[in-house]
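Chain and residue survey
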Protein chains: 2
Amino acid sequence: MSELQEWPRIAVIGAGAVGGYFGGMFARAGAPTVFVGRRHFADAVNSRGLVVDKSEGRERMRVRATTEMSAVRDCSLILFCVKANDTQDTANQMAPFLRPDATVVCLQNGVDNADQVRVAANVATVPAAVYVAVSVPESGRVKHLARGDLIIGPPSERTTHLTDVFVRADIPCRISDNIEGELWLKLLRNCALNAISALGHARYGQIVQSNDARKLMEYIVEEVLAVARAARVVLPGVDDRESGMAAAMELATQMADAFSSTAQDLDRGQPTEIDALNGYISRRGAELGIPVPVNHALFTLVKLAEVELAKSGDIIQ
Amino acid sequence: MSELQEWPRIAVIGAGAVGGYFGGMFARAGAPTVFVGRRHFADAVNSRGLVVDKSEGRERMRVRATTEMSAVRDCSLILFCVKANDTQDTANQMAPFLRPDATVVCLQNGVDNADQVRVAANVATVPAAVYVAVSVPESGRVKHLARGDLIIGPPSERTTHLTDVFVRADIPCRISDNIEGELWLKLLRNCALNAISALGHARYGQIVQSNDARKLMEYIVEEVLAVARAARVVLPGVDDRESGMAAAMELATQMADAFSSTAQDLDRGQPTEIDALNGYISRRGAELGIPVPVNHALFTLVKLAEVELAKSGDIIQ
């Protein structure tokens, strides 16, 4: 059997920073990979290839890119990398074309994407907690800064097979028997950092150097953990403010030079994922009767800033 | 006695939007008024006059402007209009030149400016709660949007005389026997609106149309009132969340088209007054043992945004 035959056919849905990076890892390893993205992405990749900049240098890969969702038809592994806000719509568009034996891995922020996709598309889904710092300086080019690893779950034949496939593509991947807790741990880190980076125009390294910002992070962490407890979710290794702060500080330190994806989205005038981050805590807190004023504040401010009508105006004393 | 002799000699210190507007009202009424401001302001006003745009039309006044603090030497009424952050330094600079019988009226945000000036300059000071929406489209020009009235106190011969002088210049002014409460009421409104406008890039009218933003305002108001109670300050007409929200909503509705001064400062890359607003509540809350997580969050985010190192960077998933 040739190596080509051993790879599953792979479709990457949503070719932003995360899709470009992980899809690029598969393409680089020789897996048959098709990217489904917007017109400007598809045009750029079809004419100039997919470019991945890493600290060790630039790689350029010839890959196929299209705007047509029907491209998933031949694929048994779908890397689902759209923004959390687009999960429902994209899953609906994808559903008619999916093979019944396909597996959709959700490499997304938020804790309920895989459930949404499974319901919308009646397909096997696997949630992934994604840790990577990567940007898109221009269409068809991704710049890798730090990490690039996945946690999937729960343990099963499917996730064991998936892990083999990821590791063959040089993507560190481990299986968790508490994937919900892992997704919440990622959520906690996102809640503690993303909106502060966006509203404060601050890199992660600047945030953690500020006593006031660390105190703000503590408020956020306490609220997220209170909601998690009420929702009966156990975060791996995190059960109080101290361990929650340690988890957030660890990520911020590893990615000190980075701005959050929320910051980048705001700067570009694009919708953010705040509904799935501090906005999710705000909603769940209200449902569960847990006060979450700080997460609500961050959610609300990012939503207002998305509208972005400012830039000129009048002073009030 | 000619009318000119009846006016006190007036110095306006800090010729921004508030100084330009209220000083302009005196100049317009024929009072001998000198403006002390930065070089570009003094040059603009000395060459083209002070321009005040109102809904009824433009007025241009010939006034004297200087960068020299010694200009206060001949003046018995000082309108002190610098940003709250600059109160201490400016009072120190002004002190050696002040007449012993001068009165300094602090037309500033924050609740402790008049105390600071009195201590620094050993002079009679009168605090003013200022309500005006006004902007500075260019040096030497102020644009009036809404209101333009003062509350001063406590009742005394001095404040009675001052009120006469303000009213003669067509500036509505009333005396309060609870001026500390009035300053806190202004503080409450500033805390409830300024940082949201700045971080959310939102006009006051947009803020109050958002259910989420009104809920955020409620959190802020509750915290400010808790600190006020612990500090034994009584806000006139405001003793609970509902009345506090009504006070903030009233101002926001009157000035629906305006951005806060904090928003304008951030847009221009200038320091804001956040230390004297949500930052003051954060500090007093800590001193008094009152939890104020939302005010602390707003303070911290505005401080981070002041540094403003963003604009380009990297995405983190």
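Only a predicted model underlies this, so the values are computations on that prediction, with no experimental measurement involved.

Observations concerning the packing of aromatic side chains
Within this structure, the stated rule accounts for 10 aromatic pairs over all chains. Between A:Phe26 and A:Phe166 the ring centres are 5.6 Å apart and the planes differ by 55°, which places this aromatic pair in the tilted class. Pair noted here: A:Phe26 is in helix H2 (residues 17-28) and A:Phe166 is in helix H6 (residues 157-168), with a separation of 140 residues, a long-range link. You'll find A:Phe26 and A:Phe166 in the same group, each marked buried. Pairing B:Phe35 with B:Phe41 gives two aromatic rings, centres 6.0 Å apart and planes at 55°, and the pair type is tilted. Lying over the aromatic face of A:Tyr131, A:Lys186 brings its terminal NZ or CZ to 5.4 Å of the ring centre.

Regarding the interface of chain B and chain A
Facing 57 residues of chain B, the contacting portion of chain A comprises 57 residues. For the interface between chain B and chain A, the tally reads 0 salt bridges. Scanning the region where chain B abuts chain A turns up 4 residue pairs in polar contact (both at pLDDT 80 or more). When residues of the side of chain B that touches chain A are traced back to their parent elements, those giving at least two are helix H2 (17-28), strand S8 (124-138), strand S9 (141-152), helix H7 (179-199), helix H8 (204-209), helix H9 (211-230), helix H11 (261-267) and helix H13 (293-307) of chain B. Ranked by the residues each element gives to the side of chain B that touches chain A, the list is headed by H13(B), at 11 residues. For the side of chain B that touches chain A, the class distribution of residues is 31 nonpolar, 15 polar and 11 charged.

Some thoughts on the packing of H9(B) against H13(B)
All names here are of chain B. With their axes 8 Å apart at the nearest point, H9 and H13 run at an angle of 110° to one another. Classified by the angle between their axes, H9 and H13 sit roughly perpendicular to one another. For the pair H9 and H13, contact is made by Leu216, Tyr219, Ile220, Glu223 and Val224 and by Pro293, Val294, Asn295 and Leu298, respectively. Of the residues that constitute the contact of H9 with H13, the class distribution is 7 nonpolar, 1 polar and 1 charged.

Considering the pattern of salt bridges
All names here are of chain B. All chains considered together, the criterion is met by 34 salt bridges over all chains. Here Arg58 ties to Asp53 by a salt bridge, and the two come within 2.7 Å at their closest N and O atoms. Residue class for Arg58 comes out exposed when judged on its relative accessible area of 51%. Between Arg284 and Glu287 there is a salt bridge, and its shortest N-O distance comes to 3.2 Å. Of this pair, Arg284 and Glu287 both sit in helix H12 (residues 278-288), 3 residues apart, roughly one helical turn.

As for the relation of the copies chain B and chain A
The transform that puts chain B on chain A rotates by 180° and translates by 0.0 Å along the axis, for an RMSD of 0.0 Å. On this basis, the relationship between the two copies can be described by a two-fold rotation axis. Measuring from the rotation axis to each C-alpha of chain B, the shortest distance belongs to B:Val294, at 2.7 Å. A shared binding surface is used by both copies, with 100% of the interface residues of chain B retained as interface residues in chain A.

Some thoughts on the state of the cysteines
With the rule as written, the count across this model stands at 0 disulfides over all chains. No disulfide involves A:Cys81; its nearest neighbouring cysteine sulfur is the one of A:Cys106, lying 8.9 Å away.

A closer look at the nonpolar core
A:Trp184 and B:Trp184 are the most contacted members of the largest nonpolar core, which has 109 residues in total. Apart from the residues lying within four places of it in its own chain, the contact partners of B:Trp184 are B:Val111, B:Val224, B:Val227, B:Ala228, B:Val233, B:Leu235, B:Tyr280, B:Ile281 and B:Arg284.

With respect to the side chain of B:Thr159
Residue and element names in this part refer to chain B. On the secondary structure map, Thr159 appears in helix H6 (residues 157-168). Here Pro154 takes part through its backbone oxygen, which lies 2.8 Å from a polar atom of the side chain of Thr159. Among all residues touching Thr159, those that are not within four sequence positions of it are Val126, Ile152, Gly153, Pro154 and Ile175.

Comments concerning helix H3 (residues 39-48) of chain B
All names here are of chain B. Of all the residues in H3, the buried ones are Phe41, Ala42, Ala44 and Val45. All buried residues of H3 project into a common sector of 165° when viewed along the axis, lining one side. What points out from H3, more than 90 degrees from its buried face, is the exposed set Arg39 and His40. For H3, the elements touching its buried residues are strand S2 (33-36), strand S3 (50-54) and strand S5 (64-66). Just beyond H3, the residue with positive phi is Gly49, at close to 85°.

Definitions and limits used
- Residues numbered from 1 in each chain as written.
- Chains lettered and ligands numbered in written order.
- Predicted model: local features only at pLDDT ≥ 70, side-chain atom pairs only at ≥ 80, totals over all residues.
- Heavy atoms only, no water.
- Phe/Tyr/Trp six-rings, centres within 6.5 Å; stacked < 30°, edge-to-face > 60°.
- Helix = DSSP H or I, 4+ residues; strand = E, 2+ residues; numbered from the N terminus.
- Buried < 20%, exposed > 50% of the residue type's maximum accessible area, 1.4 Å probe, protein only.
- Lys NZ or Arg CZ within 6 Å of the ring centre and 35° of its normal.
- Contact = heavy atoms within 4.5 Å.
- Salt bridge = Lys/Arg side-chain N within 4 Å of Asp/Glu carboxyl O.
- Polar contact = N/O pair within 3.5 Å; in protein donor to acceptor, adjacent residues only side chain to side chain.
- Nonpolar A, V, L, I, M, F, W, Y, C, P; charged D, E, K, R; others polar.
- Axes fitted to C-alpha atoms, helices over the stretch in contact; angles between N-to-C directions.
- Parallel < 35°, antiparallel > 145°, perpendicular 65-115°, else oblique.
- Least-squares fit on C-alpha atoms with pLDDT ≥ 70 in both.
- Disulfide = S-S within 2.5 Å.
- Core = buried A, V, L, I, M, F, W, Y, C linked by side-chain atoms within 4.5 Å.
- Arc of directions from axis to C-beta.

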